[in-house]
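# A closer look at the structure
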Amino acid sequence: MSRAQAESVIKNIIREIAQECAGKGQAVSETLVAFMVKAVVLDPANEFNVDRTLTKDDVQKLIRLCVERLLDSRSPALDTVKMQVYFDMNYTTRADFLEEHRRVLESRLLPVIREITDSRARTREELESLYRKIVSAVLLRSGLGSPTDIAVVREATAALQSVFPQTELGTFMTLTKREKERQLTELTMIVTGIRLFNKECGKGGEGIDDLPAILNEAVPATTQSVDEEIQGTLNCTYKYTALIEEMHRRNIKEGLSLQLLKEAHINTRQHETFLRIILNDIISCAHQVELLENQLGTRMEQLQATVQSKTAVPTAQVYPQFIHLAQLWSSFQDEMVLLSVLSNILASLEPFTRGHKEQLSDELISPYLEGLTIKTDEQRTKETTDQRVNPKDYKVEQYDWLFADTTKNFSRLQLQYRGFCAYTLGNYDRLLLPGNPEIGVMRFREHYYAFSSKEAAYEFAENPPEYIALVAEAAKKSPELIQLLELHTQFSTVTPYSQTRDAGKMIEKPITKCDSGSQTDTHILESNIVKTYAWNEWELRRKAIKLANLRTKVTHAMQTNGSNMRRDNETQVYLPKEQDTQTKQDNYSNVSKPQVFLHGLRGGGTSIPTVFRKVDLTVDVSEPPIVSEFLVPVPKKK
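All of these numbers come straight from a predicted model, not from anything done at the bench. (Residues numbered from 1 in each chain as written. Predicted model: local features only at pLDDT ≥ 70, side-chain atom pairs only at ≥ 80, totals over all residues. Heavy atoms only, no water.)

## A closer look at the nonpolar core
The biggest cluster of nonpolar side chains holds 64 residues, and the ones touching the most others in it are I134, L160, F164, I278, W329, F332 and L349. If sequence neighbours within four positions are ignored, I134 has contacts with I116, L160, F164, L169, F172 and L184. With 32 residues, the next largest nonpolar core counts F451, A456, I468 and L487 among its residues. (Core = buried A, V, L, I, M, F, W, Y, C linked by side-chain atoms within 4.5 Å. Buried < 20%, exposed > 50% of the residue type's maximum accessible area, 1.4 Å probe, protein only. Contact = heavy atoms within 4.5 Å.)

Below, the structure written as structure tokens:
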């Protein structure tokens, strides 16, 4: 089966699964369905062979298993997958968030801008209407007040008239469309700066919110909300971890479901990871707001010093400051948008954690926690801080061990499994304990592994491939670990959700190649290079035929007017200096132009001599013309 046919079959399977789920009242996205198909195929318990073509029975079995998993509303594993899909499809970098926001804003303003740039106003009423549209466009782009508020419109109109009076509309109409758009953008920034400065001076500012004050309240409140959410998630994680360790240590198979506990444990770890990503963005937002506040205060002071009590200020001094002030305010608006987006994502993640909280409520698990010591991640790290791997130990001497005091940029090492202990992941079947790099980081096959204890490091070092294989098998049982532990390189058929927007392209191998180049000296000694050398016998044969043909040819050459002396010439000279002289009196003289007329050259014949006259017409007014006569002999007949 070709790749195109395989993708077509996969698309049909995904479409059929989505339709069956929709028919049973559960709407699912194609991305979620695509990942579920991969998860079912990877699970060894389902006995799918990826090396052969699926039969009709295999397809029906695959569809049935996928629908069952997608409709399981009490599965923490499914909640984790949904959480991963949602976060990966809705979260992006700070720059991408802001770029998308600006793109949406420009698309909404496009009809208003097009009306202005395409206007052909001629009459007075049409020009007044055009000016009102410009005021509305300035207000909409700046975001300072509503265009339907009369007080806001009056203030914006007054600010615009001080910069761009209605008498300038004639010049504006003669500009090209691109120049009109550029001027509208510049006018928006200047008017925004003027209104902000007036608000600072207490002379205006209708409809302008105090964004710095709002952000100073919103950022700490959002940070506190995220911190509380993280703490609640960690409390659940610590309880599940203690229960899983106790059940493994005592080999308990009654009471709570170990599978349910592990799925809930993975869900909380994934939720914690996403919350910390959001928290880091909010902290960056707080730093940015603080920086912008300092710049805004400095700019206001500079404007006050420039304007002071002057009645008129040169535009070259004040306009750039107004533009910079508008740019600072636009940055405040960006921070508001970013904070709003992060808050929405934070609220949207919470429903994906309700499943395990309802099934493993405090009333249910409290009896099982009696007598157990619930340790936090900080306590586990503190207990193992004094432990350190001995590189000279015979068990681990064959591997490289890295430590903070002997390795540069130790904190920037890309740890495998997102820093979780590689030993407990394999030995305790999906137990996620944070590794402590202070114990020592093992480098094995260009990968870096951290461990939760010294004993775990020694056990893993006994046979690293075995534990790596155990982690891979665990990921097949719980495919949500592939995203959490970043195992995409180990599973070529599973790619990050953001790269699978096209649901048909599922079987994608990771890109492991890169462009590289090297340069070497081919021939060190130039004198030894034979330019005419050829090793290929066909090349020698071609040269021989060419020489044989040349023996019967004649060389021709020609030159045309177009090719004669055809070359590029350039000269550079210094232009003569402009010099003027001045005299006391202007005078001139008129000299007669020499003129001579030859008369009598025609006429005569064989017997009559030809007589011509040379008449000098250059005569003075006081003298008669001079006429000279010449006798021309008649040629004799032979």
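## A short note on unusual backbone geometry
Backbone geometry at R430 places phi at a positive 75°, although glycine is not the residue there. By the element assignment, R430 lies in the loop between α16 (422–427) and β2 (441–444). (Helix = DSSP H or I, 4+ residues; strand = E, 2+ residues; numbered from the N terminus.)

## What to know about the pattern of salt bridges
If you walk through the whole model with that rule in mind, you get 25 salt bridges. The partner of K133 in a salt bridge is E115, and the shortest N-O contact between them spans 3.5 Å. Residue K133 is located in helix α6 (residues 124–142), and its partner E115 is located in helix α5 (residues 94–117); the two are separated by 18 residues in the primary sequence. With its nearest N and O atoms 3.2 Å apart, the salt bridge here joins E246 to R250. Here the residue E246 and the residue R250 both occupy positions in helix α10 (residues 211–250), the gap between them amounting to four residues, near one helical turn. (Salt bridge = Lys/Arg side-chain N within 4 Å of Asp/Glu carboxyl O.)

## Focus on the sheet that holds β2
Taken in spatial order, the three strands make up an open sheet running β1-β2-β3, and their pairing is antiparallel. In this open sheet, the two strands that pair with only one neighbour each are β1 (400–402) and β3 (447–449). On average, each strand axis in the sheet is tilted by 35° relative to the strand beside it, whichever way the strands run. Bridge analysis of β1 against β2 gives three bridges, and the strand direction is antiparallel. Note that in β2 the partner of W401 across the bridge is M442. (Pairing = 2+ DSSP bridges. Axes fitted to C-alpha atoms, helices over the stretch in contact; angles between N-to-C directions.)

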